[in-house]
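Here's the letter readout for the chains.
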Amino acid sequence: PSVVGIIVDPKDNKHIIVGDRTDPTIYESTDAGVTWKTLVAVDKTDYYRVFSLTLHQGKVYFSVMKRMKGVLALFSDPMSGSTFRVENGKAIPLNDGSLSRVVIRFHSNGGSLYALSHISGLHRLNGQTWEDITANLPDLGYNDLMIDDQGTFHAMGGGDLDIALKPRVGDAKIINEIYLSS
């Protein structure tokens, strides 16, 4: 597999979890990577890769890209995806609420789990439902999320390609800047 993310369990450094970038599967090792087993996999007819994953309050959360017939989801519905929590070896969908696109980056901050989607903003998990907390973030492609020690959100946005695969230079929605929460 091509690894999209590595999680080392903070309570047990021999417990390692990785997501497969080429397949909708999460693997784990309980012996520091000597052996691996499938933790969970979702249907390959509906999904084609893990995009991001995190460990939040002892549970694995992950986002996968949706598969479209004959075309990548990127061009049919930008960054279309689904988000799951792993429980007892099963993927439990968490698509209720405002989050419908693939999660670029998760951030576990104490008791809260945040998710930054590529095009449709910032979300917080409230029970089983994603709340949109985007506020005044511009509607553009995001690539990363960080929350510093003071609780300030840093959302990093970047350039993008149009549907003809040409750089969107001069497009007001494509700004290479870092946005801070107020």
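Residues numbered from 1 in each chain as written. Predicted model: local features only at pLDDT ≥ 70, side-chain atom pairs only at ≥ 80, totals over all residues. Heavy atoms only, no water.

S.K.: What should I look at first to understand the pattern of salt bridges in this one?
M.R.: Where charged atoms from two side chains of opposite charge come close, those side chains can pair. Scanning the model with the defined rule gives five salt bridges in all. A salt bridge links Glu28 to Lys37; the shortest N-O distance between them is 3.6 Å. Notably, a salt bridge pairs Glu87 with Arg85, separated by 2.5 Å at the nearest N-O pair. (Salt bridge = Lys/Arg side-chain N within 4 Å of Asp/Glu carboxyl O.)

S.K.: Sorry, what's going on with the nonpolar core here?
M.R.: In summary, soluble globular proteins display a tendency toward joint burial of nonpolar side chains. Residues Ile17, Ile26, Phe62 and Val64 are the most contacted members of the largest nonpolar core, which totals 15 residues. Those elements giving two or more residues to this core turn out to be strand 4 (37-41), strand 5 (47-56), strand 6 (59-68) and strand 8 (81-87). Sorting elements by how many residues they give to this core places strand 5 first, with four residues. If we ignore the near neighbours within four places in the chain, the residues touching Phe62 are Ile26, Val40, Val42, Ser52, Leu53, Ser82, Thr83, Phe84, Val86, Ala91 and Phe106. (Core = buried A, V, L, I, M, F, W, Y, C linked by side-chain atoms within 4.5 Å. Buried < 20%, exposed > 50% of the residue type's maximum accessible area, 1.4 Å probe, protein only. Helix = DSSP H or I, 4+ residues; strand = E, 2+ residues; numbered from the N terminus. Contact = heavy atoms within 4.5 Å.)

S.K.: Would you mind going over the sheet that holds strand 4 with me for this structure?
M.R.: Within a sheet, neighbouring strands are paired by backbone hydrogen bonds and run either parallel or antiparallel to one another. The sheet built from four strands is open, its strands ordered 1-2-3-4 with antiparallel pairing. Only two strands of the sheet have a single partner each, and these edge strands are strand 1 (3-8) and strand 4. On average, each strand axis in the sheet is tilted by 25 degrees relative to the strand beside it, whichever way the strands run. Looking at chain direction, strand 3 (residues 25-29) and strand 4 are connected through four bridges and run antiparallel. Following the sheet pairing, Thr25 is matched in strand 4 by Ala41. (Pairing = 2+ DSSP bridges. Axes fitted to C-alpha atoms, helices over the stretch in contact; angles between N-to-C directions.)

S.K.: What exactly am I supposed to notice about the environment of Val42 here?
M.R.: Note that Val42 resides in the loop between strand 4 and strand 5. You can call Val42 buried: its relative accessible area is 10%. Sequence-distant contacts of Val42, that is, excluding residues within four places in its chain, are made with Pro24, Tyr47, Phe62, Val64, Phe84 and Ala91.

S.K.: How do you make sense of the side chain of Glu28 when you look at a structure like this?
M.R.: Among the secondary structure elements, Glu28 is positioned in strand 3. On the basis of relative accessibility, which here comes to 11%, the residue Glu28 falls in the buried class. Side-chain polar atoms of Glu28 contact the side chain of His15, separated by 2.6 Å. Non-local contacts of Glu28, meaning those with residues more than four positions away in its chain, are made with His15, Ile16, Ile17, Thr35, Trp36, Lys37 and Leu39. (Polar contact = N/O pair within 3.5 Å; in protein donor to acceptor, adjacent residues only side chain to side chain.)

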